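# A look at the structure
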Amino acid sequence: MSAENRPGRPRGEAIEAGLERILVGFGRGRRAVWRQLRERALTIVTVAALLGAALLVLSRFLDVVRFVDLGGALIPGAEATREGSSAMVVIGIAAGLAALFARWAEHSLPAFAAAALGAIALAIVLIGDVPDVTSSGITSGKLIGEANPGPGFWVELAGALVTLAAGLVLARLLAIERRTPYQR
């Protein structure tokens, strides 16, 4: 019999010992997960930057704004929806290439360029699209309606934010890696 499960041991001490073992196990698991993340951080952040860039490209082919009447039905006509901007395709491709080049060259400047492109995309979303998706009034067909954000708006916004954040984190990780000596 071990000291933990002896017959004269109070119930509270046994529960405490069991919880202690569980917490120690969680601590070991947490350290193992963080060690794996640290080893693969550059890959994870590079993939995130590429994902953000792909979302920017995808947003071009989705409806950014949908114009609906007061009943919620799509207003008939060719101008009932507005697709994303072609600028997002250019920004997305350039940001993806910048992230890949930053990783290949192991230099943080191209990663900052990817982040800057993400910031430009975010500015386009906030300045160009937010006013459109929050507008309402009389349409060209003399119908009262309002604009609602389409799926492209949310994809565009997510792509811009992910590209911006991943570019900054990638630049930071590359700067740290260049500063510390290679340890493998």
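Reading the values: the criteria
- Residues numbered from 1 in each chain as written.
- Predicted model: local features only at pLDDT ≥ 70, side-chain atom pairs only at ≥ 80, totals over all residues.
- Heavy atoms only, no water.
- pLDDT = per-residue confidence, 0-100.
- Helix = DSSP H or I, 4+ residues; strand = E, 2+ residues; numbered from the N terminus.
- Phe/Tyr/Trp six-rings, centres within 6.5 Å; stacked < 30°, edge-to-face > 60°.
- Buried < 20%, exposed > 50% of the residue type's maximum accessible area, 1.4 Å probe, protein only.
- Lys NZ or Arg CZ within 6 Å of the ring centre and 35° of its normal.
- Core = buried A, V, L, I, M, F, W, Y, C linked by side-chain atoms within 4.5 Å.
- Contact = heavy atoms within 4.5 Å.

### Digging into the confidence of the model for the protein
Averaged over all residues, the pLDDT of the protein equals 83, while 82% of them reach at least 70. Across the protein, the secondary-structure element scoring lowest on mean pLDDT is strand β2 (residues 81-83), at 63, and the one scoring highest is helix α3 (residues 86-105), at 95.

### Overview of the packing of aromatic side chains
This structure, assessed with the given rule, holds two aromatic pairs. An angle of 80° between the planes, with centres 4.9 Å apart, marks the rings of Phe-153 and Trp-154 as edge-to-face. For Phe-153, a relative accessible area of 6% gives the class buried. The partly exposed category is assigned to Trp-154, whose relative accessible area is 49%. Here Arg-60 stacks its cationic end above the ring of Phe-61, 6.0 Å away from the centre of that ring.

### Focus on the nonpolar core
Core analysis: the biggest nonpolar cluster contains 16 residues, and Leu-56 and Ala-121 have the highest contact counts within it. Sorting the residues of this core by element identifies α2 (41-59), β1 (63-69), α3, α4 (108-133) and α5 (151-179) as the ones contributing at least two each. The greatest single-element share of this core, amounting to five residues, is contributed by α4. Excluding its chain neighbours within four sequence positions, the residues that come into contact with Ala-121 are Leu-56, Met-88, Ile-91 and Ala-160. Core analysis: the next-biggest nonpolar cluster, separate from the first, contains 10 residues, Val-45, Ala-99, Ala-166 and Leu-170 among them.

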